[in-house]
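The chain contents come next:
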Amino acid sequence: MNGEIKVTIQNELGSINFFHPQSNSLPSKLLFNLAKEITQLGANNDVKVILLKSEGDKTFCSGASFDELIAISNFEQGLHFFSGFAHVINAIRTVQKLVIARVQGKAIGGGVGIACSADYTFAVKAASVKLSELAVGIGPFVVAPAVERKIGKAAFGQMTINATEWQTAEWAQKNGMYADIYDDATLMDEAINVLIQKLLKSNPEAMQHIKQILWEGTEHWNQLLIDRAKISGKLVLSDFTKQAIQSFKAK
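Values in this document were obtained by computation on a predicted structure and should not be read as measured data.

Basis of the calculations
- Residues numbered from 1 in each chain as written.
- Predicted model: local features only at pLDDT ≥ 70, side-chain atom pairs only at ≥ 80, totals over all residues.
- Heavy atoms only, no water.
- Pairing = 2+ DSSP bridges.
- Helix = DSSP H or I, 4+ residues; strand = E, 2+ residues; numbered from the N terminus.
- Contact = heavy atoms within 4.5 Å.
- Axes fitted to C-alpha atoms, helices over the stretch in contact; angles between N-to-C directions.
- Buried < 20%, exposed > 50% of the residue type's maximum accessible area, 1.4 Å probe, protein only.

S.K.: For this particular structure, what's the right way to read the sheet that holds strand β4 (residues 59-61)?
M.R.: As a general point, the strands of a sheet are linked pairwise by backbone hydrogen bonds and lie either parallel or antiparallel. Strand order in this open sheet of three strands is β4-β6-β8, and the pairing throughout is parallel. Two strands bound the open sheet, and with one partner strand each, they are β4 and β8 (129-130). With two bridges joining them, strand β6 (residues 106-108) and β8 adopt parallel strand pairing. The residue of β8 that forms the bridge with Ile-108 is Lys-130. Each of β4, β6 and β8 is contacted by helix α4 (residues 110-117), which is oriented at about 110° to β6, the strand it contacts most.

Written out as structure tokens, the structure reads:
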């Protein structure tokens, strides 16, 4: 019930596959382990490209664990909890390898943040997206820099303010979150393999420079994302937020 992360290295491709029985939600332990695995693959000389994916076919990632969220009782716990996605985003940002994401289902909250943090994201047409944080009394503060960087402030504002509505995969592609979308996972996986084989034949030093260019201007994110986590860490302790989360879980 705690979920798991599987890492494989084959033919210079490092693959990370995460799973949690609750719609691939990510509690703190999984988030910190995910960040660690991304960083380790980034430092591994036997790896040229990183593929990030999850198990199942309905949900890529449903974001933060509500069971853990509702158990937060003080600011320190809140900061630790919301720092989890900060560490994952910063791990993707700082590794000197291109990170490809495979989004085979819906992405919610932190899952949107991961999809936007990847350097190139594939998705199926069923992979709708939603930033639901405001609906439970918080806000997508930690993932906001990654999402806004990829889709722009206007589209980010649309998702954030209209927090209960799904946006389609076509909408996500139009706004830059998804690079390519496919009718089903089989077609998506074929396309992923084609791109990865091209990248594995590419110059690693050139790809490293491309990575640096893609993330120019984010050097302050180590502190920025933690500062954002502090906002959520305080909000989650409010009576308003606790009641909103309880109501959400009761649906």
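So much for the structure itself; the text now carries on.
S.K.: Whenever I open this one, unusual backbone geometry confuses me. Can you help?
M.R.: Glycine aside, negative phi is the norm for most residues, and most peptide bonds take the trans geometry. Although it is not a glycine, Asn-11 adopts a positive phi angle of roughly 50°. With respect to the element layout, Asn-11 can be found in the loop between β1 (4-10) and β2 (13-19). You can call Asn-11 exposed: its relative accessible area is 62%. Not every positive phi belongs to a glycine, and Ser-23 is a case in point at roughly 55°. Of note, Ser-23 is situated in the loop between β2 and α1 (28-43).

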